[in-house]
Amino acid sequence: MLGDLSKAITLVWIVLFAGSAVSWFLVPEGTQVTSLVPGIAILSIAFFKVRLILLYFMELRFSPQPWRGIFEVWVIVAWGAVTYLYVA
Amino acid sequence: MSAPGPCARRLPGEEGIWVFVLGDMLLFSLFFGTFLYYRNEQQELFLQSQLLLNKNYGAVNTLLLLTSSWFVATAVHMYRKNNTVWAGRFLASGFFCGLGFAIIKVTEFNDKFRAGITLNTNDFFMYYFMFTGIHFVHVLIGLGILFFVRRTVLQTPDGSGIRTLENGATFWHMVDLLWIVLFPLIYLLK
Amino acid sequence: MAMNYRFQQLCACSGLALVFILFPLLILMGFFPPPSPSEGADAIAAHYANDSWIFLLGGAVTIQISALGVIWTAAISVQLRHIEGNLPPVFSLSQLVCGVLANSVFIFACAGWVVCAFRPDRAPEIIQTLNDWAFIIFLGTVSPLMGQALSIGIATFSDESSEPVFPRWAGFFNCWVAAIFLPAGLIPFFKSGPFAWDGLFGLWLPVGVFGGWIVVMSFLVLGAIKRQKADAFAALAGAK
């Protein structure tokens, strides 16, 4: 199980890199905020990346509860709070 | 050192480091929330000030930390397979990526200071310096930890240093993780 | 021998006493949260002029609870000595010294509150100066506290005995506590916002964590004393 992990983390790195690239190109020009959509997308990508790091680099995917649960909950609550505050 | 069974679930390192990580992540969550809350009150100021930030530095730093995390995670796997030499090399690589982050960060702060921008310039820059500064302190501590952990790994080719290695790796991944949110929040979000 | 353990327990409890006296006093004086650093001299002077007896009482008592703080520090150092065993007493000494330094804040900073209220008809600028002095030092002197927490944390990590004095998580807890104290050191740079002495990261979080840290450490020390006392008496009984 953990043996597959070492191949998985390279794949995860690629996904993280790609996520960063996508976020980069989603940033609108200038200071006019015409739509909240890019911002929400950027934040969502960020927390998706965080979850990948937690599960694969930090190996929470193969860790016992309640630890995995605690951090999964944090990801959801933090993403929700941050998105809510951004949109409000 | 026994390998875990196919369905064994094991927390890397020890519980205590995860207590610390959770606590630190909660602290930074407060940072994220505080930033957004005050941003809502002065959105125009924040957007204008954000234009003065160097996104390129931030982007390179993101890639450096992501790569350093990959190096560290791979080092842990190498060590578990009793490949101490490569574990040491990957840890060193991760360290140097982190060092790169630190150098760019110092350069970035220096650029700001020379332009007359300090943490009292306005609220946006107060948060910018405070939050990326506190994160920077974490990076520096993490570099120290990586250095110490690498030494432990090289001194214990029998695999007995696994707990220390996993503790250090967990801390470093947290440092990476926090930047993954901090960078878009401060530099990219419009 | 029993007297030694009893006094250790007293010292450990003095930390709890400190928390349960300090926090109500702060609230009584209207210092939780304190008046904002961006307030004008006249407003600050007015704060002390109204019911100045509260500040005299609060300040006077706060000065004296420094003693509670230092004997609490001693109780912790005794435990760190147990961890050190025959090794050089670096952790217990550094914790002790940092604790003394940290508790000196109660004397040198909080005296400002007493002096402000002692003659309320002073010029407002003088009162504001002393008020600034008191709060900047009281809330901004973080390095001794961090030194205390880190000494405890690192000592806990170095504990390799079969029955550690403090549980491993306490080591990480102390490191986290030290991290929480850090931002308060930047209070001098802010007159408003979350990093000022009335802000989230300058006041609420560090002071809240300070109280929680004292409570947690007090109970950990009391637990350790209980075990050591039982071991000592058992050894005595066994030797007879």
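Residues numbered from 1 in each chain as written. Chains lettered and ligands numbered in written order. Predicted model: local features only at pLDDT ≥ 70, side-chain atom pairs only at ≥ 80, totals over all residues.

## Let's talk about the overall build of chain C
In step 1: Scanning chain C from terminus to terminus reveals nine helices and zero strands.
In step 2: Counting helices and strands in the order they occur from the N terminus, chain C gives α-α-α-α-α-α-α-α-α.
In step 3: Principal axes of the C-alpha set define a box for chain C whose edges measure 70 × 30 × 25 Å.
In step 4: By residue count, 47% of the 240 residues in chain C fall in the buried class. (Helix = DSSP H or I, 4+ residues; strand = E, 2+ residues; numbered from the N terminus. Buried ≥ 20, exposed ≤ 12 C-beta atoms within 10 Å, placed from the backbone.)

## Considerations on the overall build of chain A
In step 1: Secondary structure summary: chain A contains three helices and zero strands in total.
In step 2: Taken from the N to the C terminus, the helices and strands of chain A come in the order α-α-α.
In step 3: Dimensions along the principal axes, computed over C-alpha positions, put chain A at roughly 50 × 25 × 10 Å.
In step 4: Classification of the 88 residues of chain A by burial places 28% in the buried group.
In step 5: Counting contacts in chain A only where the partners sit at least 6 residues apart, residues at least 24 apart contribute 66% of the total. (Contact = placed C-beta atoms within 7 Å.)

## Some words on the interface of chain A and chain B
In step 1: Facing the 38 residues of chain A at the interface are 37 residues of chain B.
In step 2: Elements with a contribution of two residues or more to the side of chain A that touches chain B: helix 1 (2–26), helix 2 (37–57) and helix 3 (67–87) of chain A.
In step 3: With ten residues, helix 1 of chain A is the single largest residue contributor to the side of chain A that touches chain B.
In step 4: Looking at the side of chain A that touches chain B residue by residue, the class counts come to 30 nonpolar, six polar and two charged. (Nonpolar A, V, L, I, M, F, W, Y, C, P; charged D, E, K, R; others polar.)

## Looking at the interface of chain C and chain B
In step 1: Listed per partner, the contact involves 15 residues of chain C and 17 residues of chain B.
In step 2: For the side of chain C that touches chain B, the leading source of residues is helix 8 (residues 168–181) of chain C, giving nine residues.
In step 3: Here the residues of the side of chain C that touches chain B are counted per class, giving twelve nonpolar, two polar and one charged.

## Thoughts on the confidence of the model for chain A
In step 1: Averaged over every residue, the pLDDT of chain A is 90; the share at 70 or more is 94%.
In step 2: The lowest-confidence element of chain A is helix 1 of chain A, averaging 87 in pLDDT; the highest-confidence one is helix 3 of chain A, averaging 95. (pLDDT = per-residue confidence, 0-100.)

## A short note on the confidence of the model for chain C
In step 1: Per-residue confidence for chain C gives a mean pLDDT of 93; residues scoring 70 or more make up 100%.
In step 2: The ipTM, which scores confidence in the relative placement of chains, is 0.92 for this predicted complex, and the corresponding pTM is 0.87.

## Here we look at the packing of helix 7 (residues 143–158) of chain C against helix 8 of chain C
All names here are of chain C.
In step 1: Running from amino to carboxyl end, helix 7 crosses helix 8 at an angle of 160 degrees, the nearest separation of the two axes being 8 Å. The angle between helix 7 and helix 8 places the two elements in the roughly antiparallel class. Between helix 7 and helix 8 lies a crossing of left-handed hand. Here helix 7 contributes Leu145, Met146, Ala149, Leu150, Ile152, Gly153, Thr156 and Phe157 to the contact with helix 8, which in turn contributes Arg168, Ala170, Gly171, Asn174, Cys175, Val177, Ala178 and Phe181.
In step 2: For the contact of helix 7 with helix 8, the per-class residue count stands at eleven nonpolar, four polar and one charged. (Axes fitted to C-alpha atoms, helices over the stretch in contact; angles between N-to-C directions. Parallel < 35°, antiparallel > 145°, perpendicular 65-115°, else oblique. Left-handed = near helix turned anticlockwise from the far one by under 90°.)

## Topic: the nonpolar core
In step 1: Among the nonpolar cores identified, the biggest contains 155 residues, and Ile53 of chain A, Ala75 and Leu91 of chain B together with Val177 of chain C are the most heavily contacted of them.
In step 2: Here this core takes 17 residues from helix 6 (residues 162–188) of chain B, the largest share from any one element.
In step 3: Not counting chain neighbours up to four residues away, the residues in contact with isoleucine 53 of chain A comprise Met58 of chain A together with Ser69, His173, Asp176, Leu177 and Ile180 of chain B. (Core = buried A, V, L, I, M, F, W, Y, C linked by C-beta atoms within 7 Å.)

## Comments concerning the environment of isoleucine 65 of chain C
All names here are of chain C.
In step 1: Mapping isoleucine 65 onto the fold places it in helix 3 (residues 52–84).
In step 2: The exposure class of isoleucine 65 is buried, given the 20 C-beta atoms found within 10 Å.
In step 3: The contacts of isoleucine 65, once residues within four sequence positions are left out, are Leu18, Ile21, Leu22 and Phe106.

## Some words on unusual backbone geometry
In step 1: Between glutamine 65 of chain A and the following residue, proline 66 of chain A, the backbone shows a cis peptide bond with an omega angle of 5 degrees.
In step 2: Examined against the element boundaries, proline 66 of chain A turns out to sit in the loop between helix 2 and helix 3.
In step 3: Here the residue pair phenylalanine 32 of chain C and proline 33 of chain C is connected by a cis peptide bond, since its omega of 15 degrees sits within 30 degrees of zero.
In step 4: Here proline 33 of chain C lies in the loop between helix 1 (2–28) and helix 2 (41–49).
In step 5: One non-glycine residue, glutamate 59 of chain A, adopts positive backbone phi at about 60 degrees.
In step 6: Tracing the backbone shows glutamate 59 of chain A in the loop between helix 2 and helix 3.

## A closer look at the arrangement of the chains
In step 1: There are two pairs of chains in contact here; the most contacts are made by chains A and B.
In step 2: A minimum C-alpha distance of 15 Å separates chain A and chain C, which share no contact.

## Let's talk about the environment of proline 194 of chain C
In step 1: The topology assignment puts proline 194 of chain C in the loop between helix 8 and helix 9 (200–239).
In step 2: In this structure the C-alpha to C-alpha distance between proline 194 of chain C and leucine 87 of chain C, which are 107 residues apart in sequence, comes to 43 Å.
In step 3: Here proline 194 of chain C is in contact with Thr34 of chain B together with Gly199, Leu200 and Phe201 of chain C, once residues within four sequence places are set aside.

## Things to note about the environment of asparagine 122 of chain B
Residue and element names in this part refer to chain B.
In step 1: Summarising the element assignment, asparagine 122 is placed in the loop between helix 4 (84–114) and helix 5 (123–155).
In step 2: For asparagine 122, a count of 16 C-beta atoms within 10 Å corresponds to the partly exposed category.
In step 3: Residues asparagine 122 and leucine 178 lie 56 residues apart in sequence; the distance between their C-alpha atoms is 24 Å.
In step 4: If near-sequence neighbours (up to four positions away) are discounted, asparagine 122 is found in contact with Leu45 and Ser49.

## With respect to helix 3 of chain C
A turn of α-helix holds 3.6 residues, and therefore any two residues three or four places apart point the same way.
Residues and elements named next belong to chain C.
In step 1: Here helix 3 contains 33 residues, and its C-alpha end-to-end distance of 48 Å stays within 8% of the 48 Å for a straight helix at 1.5 Å per residue.
In step 2: The largest bend in helix 3 comes to about 30 degrees, at isoleucine 63.
In step 3: A positive backbone phi angle near 65 degrees is found at glycine 85, which sits one or two residues after helix 3. (Expected span 1.5 Å × (residues − 1). Bend = angle between axes of the 7 residues up to and from the residue.)

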